[in-house]
Amino acid sequence: ENLTIMVGNLNDMQFEEKFDYVILNGVLEYAISFTDSDKPYHLFLNNLSRFLKPDGKFLIAIENRLGLKYFNGAKEDHTGNYFLGLNGYVGNETVRTFSKSELIGLLSDIGFGFCKFYYPYPDYKFPNEIFTDETLKENEYGRPITNIEENRYVLFNENLVNESLVKEGVIDVFANSFLVECSRKQFETHVLYAKLNSERNERFRIGTVIQNIGAQKREVIKFPLNSKSEKHVENIFLNMRNQEEKNIHPLECNMQNNAVHFPFLKDKTIDALCYEMIQNNE
């Protein structure tokens, strides 16, 4: 009942209200096709910024023009052409995506100099995981996934190349997609990583978030993605508590607002240790 849908060109719309957020989910790339200007992306974002409160934010989800999948034979998402974005969209005047530095420059030009980049994987349309600059290296960005794109080539092992780019410290430049939170004013963020188990049976669909809770301190939160999985999250908490009766010392946890909160451990997981052994032929 509190949702209003308005159809039209946002460049021409007027609102009396000012908003906390303007969300551009797969929208910014098309601004060139409906904004009459020699700098259509600057004008479009400037027009939208009128709708924001002084500390309001843009949330922009968009493909990375230099995304690794495009080097590895995936079609450009909007035109279906191979390598179009990598070649700078030569001959195309209807759509355009941006590299990380290009996005930062565009947003800085219109006065939104404070940006937080998130990196959805495999992309923002169907994210399994969402990384930040703090967790790109430590949370194994680029793990194997099922390819759902049609008519793409596979020119190299993308997971191994992702590993190399992580080690080189340049994976943020080649991430497939960006989610950008940006404002005219400086702001704090706490989320470092998120994972969505949305492909499980509905009863087991949960989300996991790692976030900062203070100086050099983190916590892990597991929460239900729907009403049917609330019982599963509750069982996670109860099972941890029940271990104490068996003289096993489980990880400390507490239940808050249907979510289980754990302290963050820096130790390697068993699967990470096994993976290392496999890579070293042990």
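So, here is what we can say about the structure in this document. (Residues numbered from 1 in each chain as written. Predicted model: local features only at pLDDT ≥ 70, side-chain atom pairs only at ≥ 80, totals over all residues. Heavy atoms only, no water.)

Now for the packing of helix α2 (residues 40–49) against helix α4 (residues 100–109). Interaxial distance between α2 and α4 falls to 9 Å at its minimum, and their mutual angle equals 55°. As far as their axial angle goes, α4 and α2 are oblique. Along this stretch, α2 crosses α4, giving a crossing that reads as right-handed. Contact residues: α2 offers Tyr-41, His-42 and Leu-45, while α4 offers Leu-106, Leu-107 and Asp-109. (Axes fitted to C-alpha atoms, helices over the stretch in contact; angles between N-to-C directions. Helix = DSSP H or I, 4+ residues; strand = E, 2+ residues; numbered from the N terminus. Parallel < 35°, antiparallel > 145°, perpendicular 65-115°, else oblique. Left-handed = near helix turned anticlockwise from the far one by under 90°. Contact = heavy atoms within 4.5 Å.)

Right, let's get into a nonpolar patch on the surface. On the surface, a nonpolar cluster with roughly 410 Å² of combined accessible area is contributed by Leu-3, Ile-5 and Val-7. Within the element layout of this structure, Val-7 appears in the segment before β1 (19–25). Take Val-7: its relative accessible area is 82%, and that puts it in the exposed class. (Patch = residues over 30% accessible without salt bridge, like charges linked within 9 Å, V, L, I, M, F, W, Y side chains within 5 Å. Areas by Shrake-Rupley, 256 points an atom, 1.4 Å probe, with all protein chains shown as cover. Salt bridge = Lys/Arg side-chain N within 4 Å of Asp/Glu carboxyl O. Buried < 20%, exposed > 50% of the residue type's maximum accessible area, 1.4 Å probe, protein only.)

Moving on: the side chain of Asn-11. By secondary structure assignment, the location of Asn-11 is in the segment before β1. At a separation of 3.4 Å, a polar atom in the side chain of Asn-11 contacts the main-chain carbonyl oxygen of Phe-34. A distance of 2.8 Å separates the side chain of Asn-11 from the side chain of Asn-47, its partner in a polar contact. Those residues in contact with Asn-11 that sit more than four places away from it in its chain are Phe-34, Thr-35, Phe-44, Asn-47 and Arg-50. (Polar contact = N/O pair within 3.5 Å; in protein donor to acceptor, adjacent residues only side chain to side chain.)

This part covers helix α5 (residues 158–168). Taken as a whole, α5 has its buried residues at Glu-158, Asn-162, Leu-165 and Val-166. Axial view of α5: buried residues confined to an arc of 105°, hence all on one face. More than 90 degrees from the buried face of α5, the exposed residues found are Lys-167 and Glu-168. Lining the buried residues of α5 we find α3 (68–71), β3 (114–121) and α6 (171–174). Its side-chain oxygen 3.1 Å from the backbone nitrogen of Asn-159, Asn-157 forms the N-cap of α5. Following α5 by one or two positions, Gly-169 adopts a phi angle in the positive range, close to 75°. (Arc of directions from axis to C-beta.)

In space, the 10 strands of this open sheet follow the order β1-β2-β5-β3-β4-β6-β7-β8-β10-β9, with mixed pairing throughout. Each of the sheet's edge strands pairs with one partner strand only, and the pair in question is β1 and β9 (254–256). This sheet shows a mean twist of 20° between the axes of neighbouring strands, independent of strand direction. Judged from the 5 bridges that link them, strand β6 (residues 191–196) and strand β7 (residues 206–214) form a sheet pairing that is antiparallel. Its bridge partner lying in β7, Tyr-193 is registered against Ile-210. (Pairing = 2+ DSSP bridges.)

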